[in-house]
Amino acid sequence: MALLENMRIFVRVVELGSLSAAGRNLRMSPAMVSHRIQQLETHLGVRLLNRTTRQLQATETGMDFYQSCLEVLEAVERAHSSIAAGSGVPSGSVRVTAPLGFGRRILAPLVPDFCAAHPLVEVRLRLSDHLLDLLREAVDVAVRMAALKDSSFVVRKIADVRRVLVAAPSYLSERGVPSMPADLSGHNCLLLRFPGTQQYQWSVLENGEPVKLPVSGRFDADDGDVLTGWALDGRGIAMKPLWEVAEHLASGALVPVLPDFPPEAVTLAVLYPHRALVPAKVRAFADHMVPKIKAALTAISPDTIQ
């Protein structure tokens, strides 16, 4: 088992490109990761990694061994999944990623109920508004709220989620109320952006057809809750899922902007990689969460999903 675990660690080091990144991913110290790699190299009698002060790179032998490790680890996972499926009892750790605000308010409160129903499964929740690479980051399941196009994943759709443009009354009093989508070009738009993001334009429906609009503003952030806070403070116009701002719309702290030109809805879904045999823990998580998440959103606002 020690050899198998060292192989897993080696795979993460190669995929993430550094001992420290692999350590963060595996919840281990870089020193421990380095020690386990040295154990593996001693066991095999070869050098797997070339290390310098600035970079770490697999040797030619190391890359060959990396490919072999992937095959071995996949075979082990298939064997575990087969046993779990035969026994009907999901077990093991399931690594889950979700958007920050959604994870905090919707998903996290549902996790204890799932764990109570499946006592042999541990949930490792990673919340981020960045779209993590499931394969590179060794994530088992993602809950995504986006326009989904990637066919390399199994997609369990939960619902289409309505979005709205919102602003504080104080902002609109100062800057004026947009009457047409093109008017947004003269406003401070609050944008969710991070390295690799594509949010330099918003898409709204005009006469039932999507229209893409270039947007800009003085504030952007990689956390959707920060944008909501700025909108509440009268800093600009934000595009938000309806469920996130339903409370503020009801209180009047925020008001709809361009209600006749709503943003396109986004798909909320559970995703996991295609595999010959889906692990029982992953299937159990998806089966449990899809109806629970839909019910939780409906409870916040019946109009939040289509």
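For the structure, check the block above.
What this report covers is the structure whose coordinates are included nearby.

Okay, the side chain of threonine 59 next. On the secondary structure map, threonine 59 appears in the loop between β2 (56–58) and α4 (60–87). Not counting residues within four places of it along the chain, the set of residues in contact with threonine 59 comprises Arg47, Leu48, Leu49 and Asn50.

This part is about the packing of aromatic side chains. Considering all chains together, one arrives at four aromatic pairs under this definition. For the pair phenylalanine 102 and tryptophan 243, a centre-to-centre distance of 5.9 Å together with 80° between the ring planes defines the contact as edge-to-face. Taken as a pair, phenylalanine 102 in helix α5 (residues 100–107) and tryptophan 243 in helix α9 (residues 242–251) lie far apart in primary sequence, 141 residues in all. Of the residues examined, phenylalanine 102 reaches a relative accessible area of 1% and is grouped as buried. Here phenylalanine 219 and tryptophan 230 contribute two aromatic rings whose centre-to-centre distance is 5.2 Å and whose plane-to-plane angle is 45°, an arrangement assigned as tilted. One end of the pair, phenylalanine 219, is in the loop between β10 (209–214) and β11 (220–221); the other, tryptophan 230, is in helix α8 (residues 224–232), with 11 residues separating them in the sequence. Given the relative accessible area of 21%, tryptophan 230 is considered partly exposed.

Our focus in this paragraph is the environment of aspartate 223. Looking at the element boundaries, aspartate 223 is found in the loop between β11 and α8. Not counting residues within four places of it along the chain, the set of residues in contact with aspartate 223 comprises Leu100, Arg104, Asp129 and Leu192. Of the polar contacts made by the side chain of aspartate 223, one reaches the backbone nitrogen of aspartate 225; its length is 2.9 Å.

Our focus in this paragraph is the pattern of salt bridges. The full count for this structure, using the stated rule, is 11 salt bridges. Close ionic contact of glutamate 244 with arginine 105 constitutes a salt bridge, the shortest N to O distance being 3.8 Å. One end of the pair, glutamate 244, is in helix α9; the other, arginine 105, is in helix α5, and 139 residues separate them in sequence. Through salt bridges with shared partners, a single ionic network connects Arg104, Arg105, Asp223, Asp225, Lys240 and Glu244.

Cut-offs and rules
- Residues numbered from 1 in each chain as written.
- Predicted model: local features only at pLDDT ≥ 70, side-chain atom pairs only at ≥ 80, totals over all residues.
- Heavy atoms only, no water.
- Helix = DSSP H or I, 4+ residues; strand = E, 2+ residues; numbered from the N terminus.
- Contact = heavy atoms within 4.5 Å.
- Phe/Tyr/Trp six-rings, centres within 6.5 Å; stacked < 30°, edge-to-face > 60°.
- Buried < 20%, exposed > 50% of the residue type's maximum accessible area, 1.4 Å probe, protein only.
- Polar contact = N/O pair within 3.5 Å; in protein donor to acceptor, adjacent residues only side chain to side chain.
- Salt bridge = Lys/Arg side-chain N within 4 Å of Asp/Glu carboxyl O.

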